[in-house]
Amino acid sequence: MKEEVVDVTKDEATLPAPRDAAADGPGEPLLVVEQLVKHFPVKGGFPIRRTIGAVQAVDGIDLTVRVGESFGLVGESGCGKSTTGRLITRLLEPTGGKISYRGQDITHASRKQLAPIRSEIQMIFQDPYSSLNPRQTVGKIISGPMEINGIQPSGGREERVRELLEIVGLNPEHYNRFPHEFSGGQRQRIGVARALALEPKLIVADEPVSALDVSIQAQVVNLLQKVQKELGIAFLFIAHDLAVVRHFSHRVAVMYLGKIIEVGDRDSIYTRPRHPYTHALLSAVPEVNLDGTDEAQRERIRLAGDVPSPISPPSGCRFRTRCWKAQDKCATQEPPLVQISGNRPGHLTACHFPEEPTVEAREEDIVLDPALAALEDTQPKTGGAGD
Amino acid sequence: MTTVTKESGAPAPAAEDAFLSVRDLHVSFRTEDGVVRAVDGLSFDLRRGRTLGIVGESGSGKSVTNLTILGLHNPMFTTVEGEIVLDGQELITAREPELEKLRGNKVAMIFQDPLTALSPYYTVGRQIAEPFMKHTGASKKAAWERAVEMLGKVGIPHPKERAKDYPHQFSGGMRQRAMIAMALVCDPDLLIADEPTTALDVTVQAQILDLLKDLQQEFGSAIVFITHDLGVIADMADDIMVMYAGSAVERGTVDEVLRSPQHPYTWGLLNSMPRLDSDLGTPLTPIPGTPPSLLTPPSGCRFHPRCGFRGEVGGTRCVDEQPLLPLGRGGACHLTAEQKRTIFIEQIKPRLR
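Overview of the structure. (Residues numbered from 1 in each chain as written. Chains lettered and ligands numbered in written order. Predicted model: local features only at pLDDT ≥ 70, side-chain atom pairs only at ≥ 80, totals over all residues. Heavy atoms only, no water.)

**Examining the packing of aromatic side chains**
All names here are of chain B.
Phase 1 of the analysis: For the structure shown, the criterion picks out ten aromatic pairs over all chains.
Phase 2 of the analysis: Judged by centre distance (5.1 Å) and plane angle (90°), the rings of Tyr244 and Phe303 are edge-to-face. Separated by 59 residues along the polypeptide, Tyr244 in strand E9 (residues 239-244) and Phe303 in the loop between helix H11 (264-272) and helix H12 (310-313) bring together distant segments of the chain. Side by side, Tyr244 and Phe303 carry an identical accessibility label, which is buried. (Phe/Tyr/Trp six-rings, centres within 6.5 Å; stacked < 30°, edge-to-face > 60°. Helix = DSSP H or I, 4+ residues; strand = E, 2+ residues; numbered from the N terminus. Buried < 20%, exposed > 50% of the residue type's maximum accessible area, 1.4 Å probe, protein only.)

**Side note on empty space enclosed by the protein**
In this approach the atoms are scanned with a rolling probe the size of a water molecule, which exposes any empty space left behind.
All names here are of chain B.
Phase 1 of the analysis: Taken as a whole and assessed by the stated rule, the structure comprises eight cavities of 30 Å³ or more.
Phase 2 of the analysis: The space that makes up the second largest cavity amounts to roughly 80 Å³.
Phase 3 of the analysis: Lining the second largest cavity are 14 residues, with Asn271, Ser278, Pro283, Leu284 and Arg351 sitting closest to its centre.
Phase 4 of the analysis: Residues belonging to the lining of the second largest cavity are distributed by class as follows: five nonpolar, five polar and four charged. (1 Å grid on protein atoms, 1.4 Å probe; cavity = no way out; pocket = protein on both sides within 12 Å on 5 of 7 lines; lining within 4 Å. Points joined across faces, edges and corners; volume = space filled by probe spheres on them. Nonpolar A, V, L, I, M, F, W, Y, C, P; charged D, E, K, R; others polar.)

**A look at unusual backbone geometry**
Residues and elements named next belong to chain A.
Phase 1 of the analysis: Cis geometry is adopted by the peptide bond preceding Pro47, which originates at Phe46 and carries an omega value of 0°.
Phase 2 of the analysis: The residue Pro47 is located in the loop between strand E1 (29-44) and strand E2 (50-66) in this model.
Phase 3 of the analysis: Notably, Leu257 is not glycine yet its phi reads approximately 45°, a positive angle.
Phase 4 of the analysis: Here Leu257 shows up in the loop between strand E9 (251-256) and strand E10 (259-265).
Phase 5 of the analysis: The buried category is assigned to Leu257, whose relative accessible area is 1%.

**Topic: the pattern of salt bridges**
Phase 1 of the analysis: For the structure shown, the criterion picks out 46 salt bridges over all chains.
Phase 2 of the analysis: Asp267 of chain A serves as the salt-bridge partner of Arg344 of chain A, at 3.3 Å between the closest nitrogen and oxygen. In this pair, Arg344 of chain A is assigned in the loop between helix H11 (328-332) and strand E12 (348-349) and Asp267 of chain A in helix H9 (residues 266-271), connecting sequence segments 77 residues apart.
Phase 3 of the analysis: Owing to a relative accessible area of 18%, Arg344 of chain A belongs among the buried residues under this scheme.
Phase 4 of the analysis: For Asp267 of chain A, a relative accessible area of 26% translates into the label partly exposed.
Phase 5 of the analysis: The salt bridge partner of Asp87 of chain B is Lys106 of chain B, with a shortest N-O separation of 3.2 Å. Separated by 19 residues along the polypeptide, Asp87 of chain B in the loop between strand E4 (78-86) and strand E5 (89-90) and Lys106 of chain B in the loop between helix H2 (96-102) and strand E6 (107-110) bring together distant segments of the chain. (Salt bridge = Lys/Arg side-chain N within 4 Å of Asp/Glu carboxyl O.)

**Side note on the interface of chain A and chain B**
Phase 1 of the analysis: Contact with chain A, which involves 50 residues of that partner, is made by 55 residues of chain B.
Phase 2 of the analysis: Buried surface at the junction of chain A and chain B, both sides included, amounts to about 4400 Å², of which 57% is carbon and sulfur.
Phase 3 of the analysis: Among the residues chain A hides against chain B, the three largest losses belong to Arg246, Val288 and Leu290 of chain A. Together they make up 15% of the total.
Phase 4 of the analysis: Our count for the chain A to chain B interface comes out at three salt bridges.
Phase 5 of the analysis: One salt bridge connects Arg300 of chain A with Asp210 of chain B, and the closest N-O pair in it is separated by 2.6 Å. (Contact = heavy atoms within 4.5 Å. Buried area = accessible area lost by both parts, 1.4 Å probe.)

**A few points about the sheet that holds E12 of chain A**
Residues and elements named next belong to chain A.
Phase 1 of the analysis: Taken together, the seven strands give an open sheet; going across it, the order is E6-E7-E8-E3-E9-E10-E12, and neighbouring strands pair in mixed fashion. Both edges of this open sheet fall to strand E6 (121-124) and E12, since each of them pairs with a single strand only.
Phase 2 of the analysis: As paired elements, E9 and E10 share six bridges and run antiparallel to each other. Across the sheet, the residue bridging to Ala253 is Val263, located in E10. (Pairing = 2+ DSSP bridges.)

**Examining the side chain of Arg187 of chain A**
All names here are of chain A.
Phase 1 of the analysis: Residue placement: Arg187 occurs in helix H6 (residues 184-196).
Phase 2 of the analysis: No salt bridge forms around the buried Arg187; measuring N to O, its nearest opposite-charge neighbour Asp127 is 6.9 Å away.
Phase 3 of the analysis: When neighbours within four sequence positions are excluded, Arg187 is seen to be in contact with Pro128, Tyr129, Leu132, Pro179, His180 and Phe182. (Lys, Arg positive; Asp, Glu negative; His and termini not counted.)

**Digging into the environment of Thr336 of chain B**
Phase 1 of the analysis: Looking at the element boundaries, Thr336 of chain B is found in the loop between strand E11 (330-331) and helix H14 (337-348).
Phase 2 of the analysis: Residues Thr336 of chain B and Gln262 of chain B, spaced 74 residues apart in sequence, show a C-alpha to C-alpha distance of 9.8 Å.

**Digging into the sheet that holds strand E4 (residues 96-101) of chain A**
Residue and element names in this part refer to chain A.
Phase 1 of the analysis: Taken together, the four strands give an open sheet; going across it, the order is E2-E1-E4-E5, and neighbouring strands pair in antiparallel fashion. Looking at the sheet topology across the chains shown, the edges are occupied by E2 and strand E5 (104-105).
Phase 2 of the analysis: Alignment of E4 against E5, held across two bridges, turns out to be antiparallel. Paired with Tyr101 across the two strands is Gln104, which belongs to E5.

**A closer look at the nonpolar core**
Phase 1 of the analysis: By size, the foremost hydrophobic cluster in this structure holds 66 residues, and its most contacted members are Ile142 and Leu242 of chain A.
Phase 2 of the analysis: With seven residues, helix H7 (residues 214-231) of chain A is the single largest residue contributor to this core.
Phase 3 of the analysis: Not counting chain neighbours up to four residues away, the residues in contact with Ile142 of chain A comprise Val161, Leu164, Leu165, Ile190, Ala193, Arg194 and Ala197 of chain A.
Phase 4 of the analysis: Residues Leu372 of chain A together with Ile128, Ala147 and Met182 of chain B belong to the second largest nonpolar core, which totals 43 residues. (Core = buried A, V, L, I, M, F, W, Y, C linked by side-chain atoms within 4.5 Å.)

**Some points on the pairing of strand E7 (residues 190-194) of chain B**
All names here are of chain B.
Phase 1 of the analysis: Counting buried residues in E7 gives five out of five residues, a clear majority hidden from the surface.
Phase 2 of the analysis: In E7, alternate side chains face the same way, and those of Leu190, Ile192 and Asp194 on one face and Leu191 and Ala193 on the other are all buried.
Phase 3 of the analysis: For E6 and E7, the ladder comprises four bridges, and the chain directions are parallel. By the bridge assignment for E7, Ala108 is matched with Leu191.
Phase 4 of the analysis: Sheet topology places E7 next to strand E8 (residues 222-227); five bridges connect them, and they run parallel. Its bridge partner being in E8, Leu190 is matched across the sheet by Ala222.
Phase 5 of the analysis: Handedness of the β-α-β unit built from E7, helix H8 (residues 202-219) and E8 comes out right-handed. (Right-handed = clockwise from strand over helix to strand, strands pointing away.)

Structure follows, in structure tokens:
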């Protein structure tokens, strides 16, 4: 089913968000983010503390989430993906840019103005332990949003909560239990039920499964997928696990140091990536090779060092300090996020010197890590997947 | 009634070339709620230069096992039974000074979170030099030089200057590199790596894993590699042991366990794990239910409440009798070998596409 959704995205050229045929309002943009910026001030100095810099957590990103679609946001820690989620739900105040929800500008909307929208944009948090109030029963937690918004469903709130518990796969009889009586996976289900309570149009899920064990992770991913498909809710799915995002999202954006460096439909990002960072990210995922072939079929790229500090990100292209293709131009000119020739419509890449659109193994591995390179030079037989 | 059949009655003799051999290990903690049987009858062997990957979910006993090898458990609340023999030396009954001689010397450990495992109070160089001085009796200057050399080897740029830095001045990946340098400084025969890359980003994880593999070639250490990530295990290990609720449920080489797994729990893990090349048409097949509490573990086969193949065994065998795990290749399951093979090929494998 979902495969088809991806394929229908071909006929859209200008917008970063391709048409999603599975949506109710076909292809309507639900959430549009333009040039969104969030800088956190860094204080310091003595004796008078003043602002001495800024963590440029999110630095001018554009994205569109369409009705009923699932949009994945991936990146390593510190790339600004969680901040983006919190800006969209307006848990944080944006420094600049514009967020509009169904055509309405909510960038700096007041609490009062936000109230009706908040019920349509819900959030699922990463940590199922700290995101549920330990002193409230499950019934109270899930009916909380309804109470705040003064919603009285037919049949009563309690009935609705039991129904929600049923939807997320929990026993409705557990209405009066407390969060500590549940396991991590079950708690995450409670979080999902709470997010569903107001029948939202958009759910921002910030690493919803990364705190869970593998066997439980699949349960929650399946639940979210079911909710997404059956209730037609749009998702902004934020995660660092590329395989989970691939499984869940129709379209995917890759972030690096506060910027979106590549965005496109799932197929383009995972099989025809153009940005060197996307290549590096995909090649770094440890994979179980179930085919019995020992030959590495995927390229092997090992970057050097860690992600630079977002307080003083590199000039020009932010990835250039770890990139094997970087040239002078990369330091002076920031590459725009555009459709590179050969890309499918809607597949945008921010790179001056894009890579070939394939993830097949290269003739020679790219090993930038000096220690690794040194070790592999002296013992050419090693290097596992690279041989 | 639960019949716990111990592995071949008396502990099987250690394999001749085994460097580390664990026999019928039981570890239990006394807690306020009762006795937690964290490890329950675990046996395994590890040869020199090999990497044993232990995979399991949280609470499966994989970390406890390895803390016990190093004697890092709290003896006040812990009961340890069984046998751990490292290079001919029995470790469970060993006294603290003997263990101290081993730690950081013959056996070293890499922990998950390098920020809490490193002391914030001392420079990185000093922390690496300290075990070297203690175990080899080297002078302060020689140990410092060795620390700088090790930092260079694990890929810290400008090791001479960075050795004078404190852990907070390092990034996450560099701290883990410093931990590896510290673990390898005395050229250990056994390296225990407990989720060494779980706290790291995926690109850094790839660097660290490759680095560990390459360093193993150079140092020839045996590695016990603990993780919950089957992808990491597939990349790192020669042999795999799958743990569930305190016992090993399957073991074999990487190829054997990943390509012809025999235990329903391993099947469940493989089926519930999204991969980059998996078919998006097939939904993930999660393992139903949740891992059991080790305060009151299920009778018989620990996995039976979550197992979908109990009907195939028939009767109440799964509930009554704990299945055995042979020391070689095998899975601790009451299904017959024939059943295991047909179920895997007919029901499990098609879902792995």
